[in-house]
Amino acid sequence: MLVRPLTEIQELVREAILAAQGDGDLPAFDVPEPVVERPQHEEHGDYATTVALQLAGVARMPPMRIAEAVASRVTRADFIAQVEVVRPGFVNFTLDEGWLSRQVDEILALGDRYANLELGQGEKVQVEYVSANPTGPLHVGAGRNAAIGDGLANVLEAAGYDVQREFYINDAGTQMRVFMNTLYARYAQALGRDEPIPDEGYPGAYMVELGDLLASQEGTRFLDMPREEALDALYDIGLEAMLATIRDDLRLMGVNYDRWFSETSLYEDGLVDQVRALLEEKGYIAHRDGAVWFVSSELGDEKDNVLVRSDGEPGYMASDIAYHYDKFILRGFDKVINVWGADHQGHIPRMKAAMRAIDVDPDRLVIIVYQLVTLRRGGEIVRLSKRTGDIITLRDVLEEIGPDALRFLLMARAADSQMDLDLDLAKEQSSENPVYYVQYAHARIASILRYAEHIDYGDGDVSLLQHPAELALIRLMLRLPEVVEKSVTSLSPHYLPHYALELAGTFHPFYKQCRVVSSLPEDMPLNKARLKLVAAAKIALARVLDLMGVATPESM
RNA sequence: GCGCCUGUAGCUCAGUGGAUUAGAGCAACUGCCUUCUAAGCAGUGGGUCGGGGGUUCGAGUCCCUCCAGGCGCGCCA
């Protein structure tokens, strides 16, 4: 089992404080979770705790004295070479180099299980992401949603959660009807009819193409039937066509779902009615102005929300509540994570209210909100035009800059921050893109291993790895589990690309400084040790790239 | 008007429950390929962390306020 220095040190510090209290060197107080961090400068060691500074107030002692009391009682584990007290009260830890080099064997033994954690304990988590309306091609915002959601799902899985990835298909409601009316019009137009598209319809060129396709494949048969009947018949074809392009776009990005969940099915299965009855029973339903309301204001929301409109049509809340009832009550997810664009941010309070209404702890529903992507081209903002339906689709961008570069870019930003994506720049820089820097490290290692195919390095002695560049590389590899943990606990996959960059940025200098395969016979022991090292580095690189959903090329 | 998010290098962005001397990529400049991939390496220049107050031994990070930007505030989803 791999030792995780950060968590271990946290525990050692905690024990040291308790021991100091037992000896009377520290007064009695509740021992907090000690903050162990990674110092910015290497001369401060590999890890440092500021616990003495934290405790100075509580203990009413100078931080230096607390630090000394703690440092002197830290059990000397084999992975620690040095524990040092530094003004004004830091306790700095330096990892043992012999121990560091031994970790290479540990990583090799773990292989692609390296950096798996047991945080989740098999807890059932669902991540629902993208879930764009199937009324048009995906735009770039959906790409950001996909990068975040999929990265989150990957990292949760690595951390030991039982993860399910889901796409919610909004195939019911007004938008869908408008889509069908538009499709009917485009289809009729393709056959020469003078059929205007509806006022609020979808003006995009893709609808014209879809209409043409329908006309050529199905002929005039839908025109020969009554309009309502034709709309029904077109429904399945139109929906399937849209979903197919959405699926393809996402697959291109490397995103695959466990389940595509249909909103319509919630109506067909009677769940919407059932959940409405449940709300009625609990007294969260009111009838006003001819509409049926969910009295969410009694559950912490600012105002009530319409479940069934006065025209008899159910609103989106009706199916949304039923959907989450299905997730939590019927399918039994312990936690549900929904990834939403900032434009849906206002829905959070009503969904939380809905959770209370169905007796689900609102904290079990986590909404990740990401800020919108501003597309630019040569510095100019590319506005999407609702009127003409001209949009830059996810597909366009994928074809322009490639899935790996796009995923890396979209993932590297914290969800909270708005992001600019300049297509011209991204394309221009694509060969200088950070993702290639990381992939290149992976390909380089693959190349070395091919070159050294004839060498059986299984008996390599890792204790020969003492060069600063070698140790730096091992240190970086050992951080991957911390990065996974950090990404999971903060639900922020953007740590992954930054770590990947650092790891590659430690590998390349190593490569320059340390020749892995030397032809001198006397170098063979070191060659074998270094082959082990690069094989381990390949594992770590591949792992972080996999978690990001980015390809791991064997050559470039 | 109210709510959420953001403001860090020329550009795009990191900066982990406050902590030791503010980072990366790109762009600019200077060197480095007769041995494992130069999509690489080594180095240089570049920042009043939006402004102002406050808390703290210590603030890019917390609080207040102002300024600027994004997104919401429907019987649309």
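Described in the following lines is the structure provided in the data block. (Residues numbered from 1 in each chain as written. Chains lettered and ligands numbered in written order. Predicted model: local features only at pLDDT ≥ 70, side-chain atom pairs only at ≥ 80, totals over all residues. Heavy atoms only, no water.)

1. Structural notes on the overall build of chain A
Inclusion rule: A run of DSSP states H or I qualifies as a helix once it reaches four residues; a run of E qualifies as a strand once it reaches two. Both are numbered from the N-terminal end. Per-residue accessibility, obtained with a 1.4 Å probe over protein chains only, is compared with the maximum for each type, and a residue is labelled buried under 20%, exposed over 50%, and partly exposed between these values. Contact criterion: two residues are considered in contact whenever any of their non-hydrogen atoms come within 4.5 Å of each other. Accessible areas in this description were obtained via Shrake-Rupley with a 1.4 Å probe; residue shielding takes into account the shown protein chains only.
Helices and strands together make up the secondary structure of chain A, namely 20 helices and 15 strands. The principal-axis extent of the C-alpha atoms belonging to chain A is close to 85 × 60 × 40 Å. In chain A, which comprises 556 residues, the proportion classed as buried is 53%. Nonlocal contacts in chain A, meaning residues at least 24 apart in sequence, comprise 73% of its contacts between residues at least 6 apart. As displayed, chain A offers around 25,200 Å² of accessible surface, 47% of which is attributable to carbon and sulfur atoms.

2. Focus on the protein's contact with RNA strand B
Threshold: Throughout, the term near means that a residue has one or more heavy atoms lying within 4 Å of the molecule or strand in question. The term polar contact refers here to a pair of N or O atoms within 3.5 Å; inside protein, the definition further demands a hydrogen-donor-capable atom paired with an acceptor-capable atom, and it admits residues adjacent in sequence only when both atoms are side-chain atoms. All residues other than Ala, Val, Leu, Ile, Met, Phe, Trp, Tyr, Cys, Pro, Asp, Glu, Lys and Arg, Gly among them, are scored as polar; the first ten of these are nonpolar and the last four charged.
RNA strand B sits among 65 residues. The nearest are Gln418, Asp420, Tyr440, Arg444 and Ser447. The share of sugar and phosphate among atoms of RNA strand B within 4 Å of the protein is 65%. One of the backbone N or O atoms of Asp289 is found 2.9 Å from a base nitrogen in RNA strand B. Residue Arg444 places a side-chain N or O atom 2.2 Å away from a phosphate oxygen belonging to RNA strand B. If one sorts the elements of the surface near RNA strand B by residue count, helix α16 (residues 434-451) sits on top with 10 residues. For the surface near RNA strand B, the per-class residue count stands at 24 nonpolar, 24 polar and 17 charged.

3. A few points about the pairing of strand β8 (residues 285-288)
Stated precisely, the cut-off is as follows: When DSSP finds two or more bridges between two strands, those strands count as paired.
Here β8 runs beside strand β9 (residues 291-294); their pairing, made up of 4 bridges, is antiparallel. Bridge pairing in β9 links Arg288 to Ala291. Counting the residues that bridge the hairpin from β8 to β9 gives 2 residues, and of these Asp289 lies at a positive phi of roughly 50 degrees.

4. Examining the pairing of strand β6 (residues 162-169)
The condition is simple: Note on handedness: a crossover is taken as right-handed if, strands pointing away from the viewer, the path from the first strand over the helix to the second is clockwise.
By the criterion of burial, β6 is predominantly enclosed, with 7 of the 8 residues buried. Judged from the 5 bridges that link them, strand β5 (residues 124-128) and β6 form a sheet pairing that is parallel. Pairing of Glu128 across the sheet is with Glu166, part of β6. Where the polypeptide runs from β5 across helix α5 (residues 140-158) and back to β6, its parallel neighbour, the crossover connection is right-handed. With 4 bridges joining them, β6 and strand β7 (residues 259-262) adopt parallel strand pairing. Counterpart to Phe167 in the pairing with β7 is Trp260.

5. What about the pattern of salt bridges?
As a working rule, side chains carrying opposite charge can pair if their charged atoms are close by. Which entries qualify depends on this criterion: Here, a salt bridge means any side-chain nitrogen of Lys or Arg that lies within 4 Å of a carboxyl oxygen of Asp or Glu.
As enumerated under the stated definition, the model contains 28 salt bridges in all. With a shortest N-O distance of 2.9 Å, Arg73 and Asp23 are connected by a salt bridge. Taken together, the positions of Arg73 in the loop between α3 (63-71) and β3 (80-86) and Asp23 in helix α1 (residues 5-23) put the pair 50 residues apart, joining distant regions of the chain. Asp420 is paired through a salt bridge with Arg376; the nearest N and O atoms lie 2.5 Å apart. Taken together, the residues span a long stretch of sequence, with Asp420 in strand β15 (residues 419-422) and Arg376 in strand β13 (residues 373-377) at a distance of 44 residues. A single network of salt bridges, built from pairs that share partners, joins Asp150, Glu157, Arg165, Asp258 and Arg407.

6. Quick look at the packing of helix α11 (residues 316-330) against helix α12 (residues 348-357)
To keep it simple, the criterion reads: A fitted line through C-alpha atoms serves as each axis, taken over the contacting stretch for helices, and the angle formed by two N-to-C directions is quoted from 0 to 180°. Reported orientations rely on four angle classes, namely roughly parallel under 35 degrees, roughly antiparallel over 145, roughly perpendicular from 65 to 115, and oblique for the rest. Should the near helix be turned anticlockwise from the far one by less than a right angle, the crossing is left-handed, and should it be turned clockwise, the crossing is right-handed.
At a minimum axis distance of 10 Å, the contact between α11 and α12 shows a crossing angle of 55 degrees. Here α11 lies oblique to α12, going by the angle between them. Considering how the two elements wind past one another, α11 and α12 form a crossing that is right-handed. Residues Tyr316, Met317, Asp320, Ile321, His324 and Phe328 of α11 touch α12, and the partners they reach there are Arg350, Met351, Ala354 and Met355. Per-class residue counts for the contact of α11 with α12 are 7 nonpolar, 1 polar and 2 charged.

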